[in-house]
Amino acid sequence: MSEAVSALNGASFAGLARVEETGLGGMITLRGDFTSAGFQAAVKAATGCAVPELRKITIADRGAVAWMSPDELLLLVDYAEAEAVTASLAEDLAGEHHMAVNVSDARACFTVSGAAAREVIAKVAPVDLAPGQFAPGDFRRTRFAQVAAAFWLDEADVFHIVCFRSVAAYMFNLLSTAAHPQAQVGVYS
Amino acid sequence: MLILQCPYCGVTAEETELHAGGEAHLKRFGPGSSDDDFHDYLFMRENPRGIHLERWRHVSGCGKWFHAARCTQTLEVFGTYSAQTTEPPQQIKDAISAKRPGWSWRDVSG
């Protein structure tokens, strides 16, 4: 099989915040009934995480699970394992109404870190990013300027962003422009 | 700016994160219906100045369709509610009645 590469091959930009494309990430879209015990067990087996609360992400050593909608989760796993995890999910959920699809190659992942990270995101997304309003573990699907995206904040105050691979270059340019050294607003500082 | 709360994910979403889906609670007339019913289903829409019930989709968020009750004249929002219903729930009707006593919309009234 050919060697998989991420959309921007790890491009990075340092300005008000550090913008980085984080390379290949394993992502599985899983739809089903969150309240079902079998579904919860399958999610746990696949990632080591519990099904997250509304608009939250749960993170464990092996992976993470994000709340996408009332019947959809995004499972984040190691890229190399995504195919195998998808197969085992399908096996675990054989008797249940569900859908598990490996979407790793359809996506691009970015991080935005640094003191002005909140401000950089706030410039491009219609989300309240005041420190009390968006906290580590929160997950949000929204738009970044003109493209759909989802993001979350981890315990180290780093924002992680996922978007479609086809708009990866747009996303990188957008975040880099928002993080331009002379573009400081200082709204959260 | 119109701001609606998505009843599925709880996000207070502003207009740019949403997509308008037209009038709410349309009853479909399909094959076998009379020409008049089909014509009305296809073309006849409310266009009120005042109370309006609409469909919206949280397109950049959780992707779900929902309903909203609002005033087209003042942009006041009375509430949002689930898409899995053929008429507004009582609490939405009450919220409208509290502000606009005697209101009606199609065959719905407080």
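Note that residues are indexed from 1 along each chain, following the sequence as it is written. Lettering of chains starts at A and numbering of ligands starts at 1, both following the order in which they are written. Only residues with pLDDT of 70 or above have their local features reported here, since the model is predicted, and side-chain atom pairs are shown and tallied only from 80 upward, although totals for entire chains, interfaces and linings are computed over all residues. Based on all heavy atoms of the structure, the side-chain values leave hydrogens and waters out of the count.

Asker: Can you tell me about the environment of Glu96(A), naming the residues and giving the values?
Answerer: Residues and elements named next belong to chain A. The numbering of helices and of strands both runs from the N terminus, where a helix is a DSSP run of H or I of at least 4 residues and a strand a run of E of at least 2. With respect to the helices, strands and loops of the structure, glutamate 96 is situated in the loop between helix 2 (82-92) and strand 7 (99-102). Note on glutamate 96: relative accessible area 26%, which makes it partly exposed. A distance of 2.9 Å separates a polar atom in the side chain of glutamate 96 from a polar atom in the side chain of serine 36. Looking at glutamate 96, its side chain comes within polar contact range of the main-chain nitrogen of phenylalanine 39, at 3.4 Å. For every residue, the accessible area obtained with a 1.4 Å probe (protein chains only) is divided by the maximum for its type, and the residue is called buried under 20%, exposed over 50%, and partly exposed between those limits. Side-chain atoms alone can form a polar contact between residues adjacent in sequence; in general such a contact is a pair of N or O atoms within 3.5 Å, and within protein one must be able to donate a hydrogen while the other accepts it.

Asker: I'd like to hear about the domain arrangement of chain A, residue by residue, with values.
Answerer: Interfaces are often sized by the accessible area lost when the parts come together. All names here are of chain A. Domain annotation of chain A identifies domain 1 (12-23 + 106-178) and domain 2 (26-105). Averaged C-alpha coordinates put domain 1 and domain 2 at centres separated by 23 Å. The contact criterion used throughout is that any non-hydrogen atoms of two residues lie within 4.5 Å. At the junction of the two partners, domain 1 supplies 11 residues and domain 2 supplies 16 residues. Buried area, as used here, totals the accessible surface that two parts lose on assembly, with accessibility defined by a 1.4 Å probe and the loss added over both. Its largest share of buried area at the contact with domain 2, domain 1 owes to Arg107, Phe139 and Arg141, together 50% of the area lost on that side. Throughout this description, the term salt bridge denotes a Lys or Arg side-chain nitrogen within 4 Å of a carboxyl oxygen of Asp or Glu. At the junction of domain 1 with domain 2, the criterion picks out one salt bridge. Across the pair aspartate 138 and lysine 56 runs a salt bridge, and its minimum N-O distance is 2.4 Å. If you list the elements that add at least two residues to the side of domain 1 that touches domain 2, you get strand 8 (107-113) and strand 9 (139-144). Polar here means any residue other than Ala, Val, Leu, Ile, Met, Phe, Trp, Tyr, Cys and Pro, which are nonpolar, and Asp, Glu, Lys and Arg, which are charged; Gly is therefore polar. Of the residues belonging to the side of domain 1 that touches domain 2, the class tally is five nonpolar, one polar and five charged. For each domain, the first and last residues come from an automatic or database assignment.

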